[in-house]
Amino acid sequence: MNNKGFTLAEVLITLGIIGVIAALTMPSLITNYQKKQIVAQLKKAYSTFSQALVLSQYENGYSSEWDVTEAGSSYEENLAYFEKYWKPYLKVLKVCKTMQECGYKYGGYAMLNDKQKFSYYGAYNNQIPGFIYGDGTYAYIRPYGFNNTKLQLLSIDLNGAKAPNIIGKDVFQFSINTTKGTITGYSAGDYTSCTVENIQNYSEASRNCASKIIHDGWEIKSDYPW
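These remarks concern the structure in this document. (Residues numbered from 1 in each chain as written. Predicted model: local features only at pLDDT ≥ 70, side-chain atom pairs only at ≥ 80, totals over all residues. Heavy atoms only, no water.)

## Quick look at helix H2 (residues 75-85)
The complete set of buried residues in H2 reads Tyr 75, Asn 78, Leu 79, Tyr 81, Phe 82 and Tyr 85. Projected onto a plane normal to the axis of H2, the buried residues spread over an arc of 160° and lie on a single side. (Buried < 20%, exposed > 50% of the residue type's maximum accessible area, 1.4 Å probe, protein only. Helix = DSSP H or I, 4+ residues; strand = E, 2+ residues; numbered from the N terminus. Arc of directions from axis to C-beta.)

Dropping the structure here:
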């Protein structure tokens with residue numbers, strides 16, 4: 001009988017080819033998985049706050065009639081607003097006066113164009129209560145409307161204090177328009193500035209990246225500045 005099989009050299013060559021293919025494809029597979037995971041978490045967070053807005057209006061009246069805080073309101077005023085209109089409708093685990101109280105090393109976030117500078121738009125000079133809810137997501141709601149526009153900024157960090165803490169990566173921002181009773185991507189849903197070129201030249205462009213994900217049908221597409 002003639003026993004046929006692979007030689008050691010053939011096995012090693014085959015394993016080498018498989019290793020090369022894996023090395024080339026694994027980073028792409030991992031990135032695609034991360035993107036899908038982020039989108040699923042972001043969609044869930046958006047739904048959570050949208051439902052909370054509906055429930056709060058059911059009990060507290062139309063949001064256009066709410067006693068909304070404005071830019072410059074004190075911590076106590078912002079806390080009272082949050083505790084009345086939002087906290088009862090979210091599964092809040094902890095309320096923090098500072099980001100450090102919620103486990104953060106820094107008091108702010110980094111931007112996509114400067115991933116080492118954690119100084120952007122944290123809890124805003126400790127005037128805003130941050131909170132952990134659900135499965136560990138960190139968020140805060142702060143007023144940023146002027147001329148009585150009653151706009152509120154909703155900032156969501158999908159994995160809480162865990163890295164990378166970068167706006168457009170695991171942190172996303174939205175506008176709550178209490179006059180209209182709607183939640184959109186930041187800057188009224190403008191997504192056009194969330195591009196690689198804009199982010200390189202304009203740090204705040206990262207803040208509109210949630211709008212882009214929504215506009216693209218809840219997907220992180222190839223032109224997203226990941």
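So that's the structure; there's more coming.
## Let's talk about the side chain of Lys 169
Mapped onto the secondary structure, Lys 169 falls in the loop between strand E6 (166-167) and strand E7 (171-177). The side chain of Lys 169 is buried and forms no salt bridge, while Asp 170, the nearest opposite charge, is found at 8.7 Å. Not counting residues up to four positions away in its chain, the partners in contact with Lys 169 are Ile 38, Leu 112, Lys 115, Pro 164 and Trp 226. (Lys, Arg positive; Asp, Glu negative; His and termini not counted. Salt bridge = Lys/Arg side-chain N within 4 Å of Asp/Glu carboxyl O. Contact = heavy atoms within 4.5 Å.)

## Focus on the packing of aromatic side chains
What describes a pair of aromatic rings is the distance from one ring centre to the other and the angle between the planes of the rings. Considering all chains together, one arrives at 15 aromatic pairs under this definition. Pairing Phe 131 with Tyr 133 gives two aromatic rings, centres 6.2 Å apart and planes at 45°, and the pair type is tilted. Like Tyr 133, Phe 131 is buried. Note on Tyr 224 and Trp 226: the rings are 6.4 Å apart at their centroids and 50° apart in plane angle, and the pair reads as tilted. By relative accessible area, Tyr 224 is classed as buried at 4%. Connected via pairs of aromatic rings, a cluster forms that spans Phe 49, Trp 66, Tyr 81, Phe 82, Tyr 85, Trp 86, Phe 131 and Tyr 133. Sitting over the ring of Tyr 75, Lys 97 keeps its end group 5.0 Å from the ring centre. A cation over a ring is seen here: Arg 207 above Tyr 186, with NZ or CZ 4.2 Å from the ring centre. (Phe/Tyr/Trp six-rings, centres within 6.5 Å; stacked < 30°, edge-to-face > 60°. Lys NZ or Arg CZ within 6 Å of the ring centre and 35° of its normal.)

## What to know about the nonpolar core
Counting 38 residues, the largest nonpolar core has Phe 49, Trp 86, Leu 154, Ile 156, Phe 172, Phe 174 and Ile 213 as its most contacted members. If you tally residues by element for this core, the top one is helix H1 (residues 8-60), at seven residues. Once residues within four sequence positions are removed from consideration, Leu 154 is found in contact with Phe 49, Ala 139, Tyr 140, Ile 141, Phe 172, Gln 173, Phe 174 and Ile 176. (Core = buried A, V, L, I, M, F, W, Y, C linked by side-chain atoms within 4.5 Å.)

## Brief notes about unusual backbone geometry
Looking along the chain, the bond that leaves Ala 163 and enters Pro 164 is cis, with omega of 15°. Structurally, Pro 164 can be placed in the loop between strand E5 (151-157) and E6. Phi is positive for Asn 165, which is not a glycine, with a value near 55°. Using a relative accessible area of 9% as the deciding quantity, one classes Asn 165 as buried. The phi dihedral of Trp 218 falls on the positive side, at around 55°, and the residue is not glycine. Structurally, the position occupied by Trp 218 is in the segment after helix H5 (209-215). Note on Trp 218: relative accessible area 19%, which makes it buried.

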